[in-house]
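Understanding the architecture of this molecule
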Amino acid sequence: MIGMLALIRDDSWNLPLFVHVLGAMILVGGLVTGASALALAKDDAKLLRLGFWSLMLVSFPGWIVMRIGAEWINSKEPWKDLPDKPRWLDIGGVIADAGGLVLVVTLIIGGIGVRRLNAGKASGLLRVTLAIALVLLAAYVVAVWAMAGKPT
Amino acid sequence: MSFDQWMLAFHVLSAFSLVAGMILFWVLIVVGRRIDTPGDTLRLGPVAKVGNATVGLGLGGTIIFGVWLAFSYGHYDIWDGWILAALVLWFIGSGTGRKTGEAFNEAPRKALELEEAGQTGPNAELLALNRTSRGVLLHALTSVVVLLIIIDMIWKPGA
């Protein structure tokens, strides 16, 4: 039944789904950009800043747009009324919500790291930011896999 | 999870890889507008290589897994209007994307020339190459084409 619902989804879900997918793509794009710049910086202050600001100005807005789209779909779909929600929806939902919290923590750590960098101190906190960004990226790949493949 | 579900997951993951690479290049375009020295220009090279890899992976994955799905998935056919439209848009996007890369490759080439000549300071010509309006226009066009593909994939007009 879930497979049928996914296949014959109502046309009114298309716009919220588009918003959800676009937001998720921006989120992942920001994570790829931020993680790349942080990983390849080799203590270069400009690239370290680029990495942090990519997470802040691309990933975070992307996460907000993705969650708005998710809530919009949630307000329309019949799945929320089912006694047993499909597993792929649980996987995607948990990763999206927990990932948002982790992203905020990452931005706080990265923000302190950039402030320290501007004060001429070591960039250790930005290495922590990179590590968490890579974990987040891996988690969102799993979320995309689950939401797209819809494992039962 | 069926084989087709795996193929669909890889198809969507490839689309994410493609868009992630395009977003990375948008960030580099914005950052590049203030760069006028060879060192700062070349510094972005390794990050751009990640963008090239994700775009390449995305382009290859979307077409391979997408065409597979069109043949394998019972409800759709390769000659369905929305699938043909996506294929046409994919080829247009690949073409404009390649031209975008050519436009933005001129700046690192010039930066390398300047560095080899021992000129490491600000250079007006390099700044102009980093701000190439042709490159921005082509990347914007490619982004619109990719956006149209995503819209086509979600709305599936005529399906």
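Above: the structure in question.
The notes below deal with the structure included here. (Residues numbered from 1 in each chain as written. Chains lettered and ligands numbered in written order. Predicted model: local features only at pLDDT ≥ 70, side-chain atom pairs only at ≥ 80, totals over all residues. Heavy atoms only, no water.)

**Quick look at the interface of chain A and chain B**
The cut-off we apply is this: By definition in these notes, contact holds between two residues if any of their heavy atoms fall within 4.5 Å. Summed over both partners, the accessible area lost on bringing two parts together, with a 1.4 Å probe, is the buried area. Salt bridges, as used here, are contacts in which a Lys or Arg side-chain nitrogen is within 4 Å of a carboxyl oxygen on Asp or Glu. Contacts described as polar in this section are N or O atom pairs within 3.5 Å, which, within protein, must combine one atom able to donate a hydrogen with one able to accept it, while residues neighboring in sequence count only if both atoms come from side chains. Note on conventions: DSSP H or I runs of at least 4 residues are helices, E runs of at least 2 residues are strands, and numbering of each starts at the N terminus. Any residue that is not Ala, Val, Leu, Ile, Met, Phe, Trp, Tyr, Cys, Pro, Asp, Glu, Lys or Arg is counted as polar, Gly included; the first ten are nonpolar and the last four charged.
Contacts between chain A and chain B engage 32 residues on the former and 33 residues on the latter. Surface buried jointly by chain A and chain B totals about 2,700 Å² across both partners, of which 80% is contributed by carbon and sulfur atoms. Taken together, the links from chain A to chain B amount to two salt bridges. Taken together, chain A and chain B are joined by four residue pairs in polar contact (both at pLDDT 80 or more). The set of elements that each furnish at least two residues to the side of chain A that touches chain B consists of α2 (14-40), α3 (45-74) and α5 (124-149) of chain A. No other element matches the 17 residues that α2 of chain A contributes to the side of chain A that touches chain B. In the side of chain A that touches chain B, the residues fall into 21 nonpolar, seven polar and four charged.

**Brief notes about the environment of T41 of chain B**
Residue and element names in this part refer to chain B. What counts is decided by this rule: Relative accessibility under 20% of the residue-type maximum defines a buried residue, over 50% an exposed one, and the middle range a partly exposed one, all with a 1.4 Å probe and only protein chains included.
Mapping T41 onto the fold places it in helix α2 (residues 38-43). The class of T41 is buried, set by a relative accessible area of 6%. Taking the C-alpha atoms as reference points, T41 and A111, 70 residues apart in sequence, are found 6.6 Å from one another. Polar side-chain contacts of T41 include one of 3.1 Å to the side chain of N130.

**Topic: unusual backbone geometry**
Despite not being glycine, D43 of chain A has its phi angle at roughly 70°, a positive value. By the secondary structure assignment, D43 of chain A is in the loop between α2 and α3. According to the relative accessible area criterion, D43 of chain A is exposed, its value standing at 51%. Of note, the phi angle at K156 of chain B is positive, near 45°, even though the residue is not glycine. In this structure, K156 of chain B sits in the segment after α6 (133-155).

**Side note on the nonpolar core**
As a rule of thumb, nonpolar side chains are buried together in soluble globular proteins. Let me state the cut-off plainly: The nonpolar core is taken to be a set of buried Ala, Val, Leu, Ile, Met, Phe, Trp, Tyr and Cys residues, with the residues joined through side-chain atoms within 4.5 Å.
Within the largest apolar cluster, 53 residues are counted, with the highest numbers of intra-cluster contacts made by L31 and Y140 of chain A together with L28 of chain B. For this core, the secondary structure elements donating two or more residues are α2, α3, α4 (87-118) and α5 of chain A together with α1 (3-32), α3 (45-72) and α6 of chain B. Leaving out residues up to four positions away in the same chain, L28 of chain B has contacts with L50 of chain A together with L44, V47 and A48 of chain B.

**Points about the packing of α2 of chain A against α1 of chain B**
Inclusion rule: Working convention: axes come from line fits to C-alpha atoms, limited for helices to the stretch in contact. Angles between N-to-C directions cover 0 to 180 degrees. Roughly parallel covers angles under 35 degrees, roughly antiparallel covers those over 145, roughly perpendicular covers 65 to 115, and oblique covers all other angles. Less than a right angle of anticlockwise turn of the near helix away from the far helix marks a crossing as left-handed, whereas a clockwise turn marks it as right-handed.
Relative to each other, α2 of chain A and α1 of chain B sit at 60°, their axes nearing to 8 Å. By the angle between their directions, the pair α2 of chain A and α1 of chain B is classed as oblique. With respect to the hand of their crossing, α2 of chain A and α1 of chain B are arranged in right-handed fashion. Contacts between α2 of chain A and α1 of chain B involve V21, A24, M25, I26, V28, G29, G30, V32, T33 and S36 of chain A from the former and A15, F16, V19, A20, I23, L24 and V27 of chain B from the latter. For the contact of α2 of chain A with α1 of chain B, the residue count by class is 13 nonpolar, four polar and no charged.

**Here we look at the pattern of salt bridges**
Counting across every chain of the model gives seven salt bridges over all chains. For the salt bridge of D43 of chain A with R127 of chain A, the shortest nitrogen-to-oxygen distance reads 3.4 Å. Residue D43 of chain A is found in the loop between α2 and α3, and its partner R127 of chain A is found in helix α5; the two are separated by 84 residues along the sequence. The residues D43 of chain A and R127 of chain A share a single accessibility class, namely exposed. Between E125 of chain B and K110 of chain B there is a salt bridge; the shortest N-O distance is 3.3 Å. With a gap of 15 residues between them, E125 of chain B in helix α5 (residues 124-130) and K110 of chain B in helix α4 (residues 81-116) connect regions that are remote in the sequence. Of the residues examined, E125 of chain B reaches a relative accessible area of 46% and is grouped as partly exposed. Taking the relative accessible area as the measure of exposure, K110 of chain B reaches 17% and is therefore buried. What you see here is one network of salt bridges that share partners, running through D44 and K46 of chain A together with D40 and R43 of chain B.

**Comments concerning a nonpolar patch on the surface**
We count it as follows: Patch definition: residues above 30% relative accessible area lacking any salt bridge, with like charges linked at up to 9 Å and the nonpolar side chains Val, Leu, Ile, Met, Phe, Trp and Tyr linked at up to 5 Å. Note that accessible areas follow from Shrake-Rupley with a 1.4 Å probe, and for residues the cover is restricted to the protein chains shown.
Where nonpolar side chains cluster on the molecular surface, the patch consists of L15 and W72 of chain A together with V144, L147, L148, I151 and W155 of chain B and spans about 570 Å² of accessible area. Counting residues per element, the nonpolar patch draws most heavily on α6 of chain B, which supplies five residues. When you line up the elements, I151 of chain B lands in helix α6. The class for I151 of chain B is partly exposed, based on a relative accessible area of 30%.

**Points about α5 of chain A**
One turn of the α-helix equals 3.6 residues, which is why residues spaced by three or four share an orientation. Formally: Expected span of a helix, by definition, is 1.5 Å for each gap between consecutive residues, and there is one gap fewer than residues.
Helix length check: α5 of chain A, at 26 residues, gives a terminal C-alpha distance of 38 Å against a target of 38 Å (1.5 Å per residue), a fit within 8%. Remark: K150 of chain A follows α5 of chain A within two positions and exhibits a positive phi of approximately 50°.

**Regarding the environment of L42 of chain B**
Residues and elements named next belong to chain B. Among the secondary structure elements, L42 is positioned in helix α2. For L42, a relative accessible area of 25% puts it in the partly exposed group. A sequence separation of 99 residues divides L42 from L141, and the C-alpha atoms of the two residues are 25 Å apart. Residues within four places of L42 in sequence aside, it is in contact with P108, A111, L112 and E115.

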